[in-house]
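If you want the building blocks of each chain, they are given just below.
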Amino acid sequence: MEISVDRANEVLIAKVEGRIDGANAREFEDALNGAIGEDDSKVLLDFSTLSYISSAGLRVILLIARLLQKRNAAFALCSLSDPIREVFEISGFDKIISIHDSQAEAVDKIGS
Amino acid sequence: MSRRLSLSLPTKLDQLERIYEAVDELGESEEWPPGMVYQVKLVLEELGVNIVTHGHAGDPDHEFEIVLDSDADALTIELRDEGRPFNPLTDSPEPDIDSGLDDRPVGGLGIYLVRTMMDELSYRREDNHNILTIVKRKENG
């Protein structure tokens, strides 16, 4: 699992590559917490190169979403593959986290 | 089209890679429908992590077994471990998937994903082992 960070229209875009599972979810949490600065008010996770996520990863997403909500920061996900989207839908995460089809659409929605 | 694959794994989290590789290989040679490889990996990871972290409380000196039986119609999975008794059908609460962000409990989704994605689950405790049998029919993707 690797995270690369970019900024566009005041949106912090963290692109996650590889797999998030029970063995590396803690590492994912630390990397994400390290990547999100205190001043970031808009955060987007780009999952276009994420191949796999399970409940251990969902737990981290939930914690980050909650943290950002407390700071009144916007949070969104984009570019989920079909099986990953299914995991989010079964878990009901699509009802509490905003999910977009593409990075451009997401940045347009939450960016300045 | 039919093939059986058995794995015997130490109760350590770094063994997940071996599970993924086995599922990739079996899914490809048995021509599983799209999406099924992901679902089977997820199911085995959720249950495997559960066995390692809860069933054996992180003690790495045990083994658990996975048998995958793929035929033309379905995949049958048998998981066998000697950890503390755990019946995923009755011992795992229904997760809250409706409440808002603040009220969502963290965790509890793994077993729910397993029950939702697979077609049949049955559990028995035999000779101090948990034995879980799972069926995933190919027609359901």
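Structure first, text after, so check above.
This text gives an overview of the structure that appears in the document. (Residues numbered from 1 in each chain as written. Chains lettered and ligands numbered in written order. Predicted model: local features only at pLDDT ≥ 70, side-chain atom pairs only at ≥ 80, totals over all residues. Heavy atoms only, no water.)

### Regarding the interface of chain A and chain B
With 26 residues of chain A at the interface, the matching set in chain B holds 27 residues. Buried area between chain A and chain B, summed over both chains or domains, comes out near 2300 Å², and the portion from carbon and sulfur atoms is 61%. Taken as a group, Tyr52, Arg66 and Ile90 of chain A account for 26% of the area that chain A buries against chain B, more than any other trio of residues on that side. At the boundary of chain A with chain B, the tally comes to 2 salt bridges. Residues Asp98 of chain B and Lys95 of chain A are paired through a salt bridge, measuring 3.1 Å at the closest nitrogen-oxygen approach. Our count for the chain A to chain B interface comes out at 14 residue pairs in polar contact (both at pLDDT 80 or more). (Contact = heavy atoms within 4.5 Å. Buried area = accessible area lost by both parts, 1.4 Å probe. Salt bridge = Lys/Arg side-chain N within 4 Å of Asp/Glu carboxyl O. Polar contact = N/O pair within 3.5 Å; in protein donor to acceptor, adjacent residues only side chain to side chain.)

### Here we look at the pattern of salt bridges
Residue and element names in this part refer to chain B. This model, assessed by the stated rule, comprises 13 salt bridges over all chains. Across the pair Arg4 and Asp69 runs a salt bridge whose closest N-O atoms are separated by 2.8 Å. Of this pair, Arg4 sits in strand 1 (residues 3-10) while Asp69 sits in strand 2 (residues 63-70), placing them 65 residues apart in sequence. Judged by its relative accessible area of 56%, Arg4 falls in the exposed class. Its relative accessible area of 27% is what places Asp69 among the partly exposed residues. (Helix = DSSP H or I, 4+ residues; strand = E, 2+ residues; numbered from the N terminus. Buried < 20%, exposed > 50% of the residue type's maximum accessible area, 1.4 Å probe, protein only.)

### Some details on the nonpolar core
By size, the foremost hydrophobic cluster in this structure holds 71 residues, and its most contacted members are Phe47, Phe75 and Phe88 of chain A together with Ile66 and Leu79 of chain B. Here the element with the most residues in this core is helix 2 (residues 36-55) of chain B; it accounts for 10 residues. Leave out the neighbours within four places in its chain, and Leu79 of chain B touches Leu44, Leu47, Ile51, Phe64, Glu65, Ile66, Asn130, Ile131, Leu132 and Ile134 of chain B. Counting 8 residues, the second largest nonpolar core, distinct from the first, contains Val11, Ile13, Cys78 and Ile110 of chain A. (Core = buried A, V, L, I, M, F, W, Y, C linked by side-chain atoms within 4.5 Å.)

### Considering the packing of aromatic side chains
Two descriptors summarise a pair of aromatic rings, namely the distance from one centre to the other and the angle between the planes of the rings. Residues and elements named next belong to chain A. Under the defined criterion, the tally for this structure stands at 4 aromatic pairs over all chains. Between Phe88 and Phe93, the aromatic rings sit 6.0 Å apart at their centres with planes inclined by 80 degrees, giving edge-to-face as the arrangement. The pair formed by Phe88 and Phe93 is uniform in burial state, with each residue classed as buried. Every member of this aromatic cluster is reached through a ring pair, and the members are Phe47, Phe88 and Phe93. (Phe/Tyr/Trp six-rings, centres within 6.5 Å; stacked < 30°, edge-to-face > 60°.)

### Examining helix 1 (residues 16-29) of chain B
Taking 1.5 Å of rise per residue, 14 residues should cover 20 Å, and helix 1 of chain B covers 20 Å from first to last C-alpha, within 8% of that figure. Restricting attention to buried positions, one finds in helix 1 of chain B the residues Leu16, Ile19, Tyr20, Ala22, Val23, Leu26 and Gly27 of chain B. Viewed along the axis of helix 1 of chain B, the buried residues span an arc of 165 degrees, placing them on a single side of the element. Turned more than 90 degrees off the buried face of helix 1 of chain B, the exposed positions are Glu21 and Glu28 of chain B. The inward-facing, buried residues of helix 1 of chain B contact strand 2 (11-20) and strand 4 (50-53) of chain A together with strand 1, helix 2, strand 2 and strand 3 (74-81) of chain B. (Expected span 1.5 Å × (residues − 1). Arc of directions from axis to C-beta.)

### A look at helix 1 (residues 25-35) of chain A
Residue and element names in this part refer to chain A. Residues Ala25, Phe28, Glu29, Leu32 and Ala35 constitute the buried set of helix 1. For helix 1, the buried positions fall inside an angular range of 135 degrees around the axis, keeping them on one side. What points out from helix 1, more than 90 degrees from its buried face, is the exposed set Arg26 and Gly34. The inward-facing, buried residues of helix 1 contact strand 1 (2-8), strand 2, strand 3 (42-46) and helix 2 (55-70).

### Things to note about the sheet that holds strand 2 of chain B
Adjacent strands of a sheet form backbone hydrogen bonds with each other and so pair up, either parallel or antiparallel. Residues and elements named next belong to chain B. Ordered in space as 1-2-3-5-4, the 5 strands form an open sheet in which the pairing is antiparallel. Strands at the two margins of the open sheet, each flanked by one partner only, are strand 1 and strand 4 (120-126). Here the average twist between neighbouring strands, direction ignored, is 15 degrees. Summarising the sheet, strand 1 and strand 2 pair through 8 bridges and their orientation is antiparallel. Within strand 2, the position partnered with Ser6 by the bridge is Val67. Along the sheet, helix 2 makes contact with strand 2, strand 3 and strand 5 (129-137), crossing strand 3 at roughly 10 degrees. (Pairing = 2+ DSSP bridges. Axes fitted to C-alpha atoms, helices over the stretch in contact; angles between N-to-C directions.)

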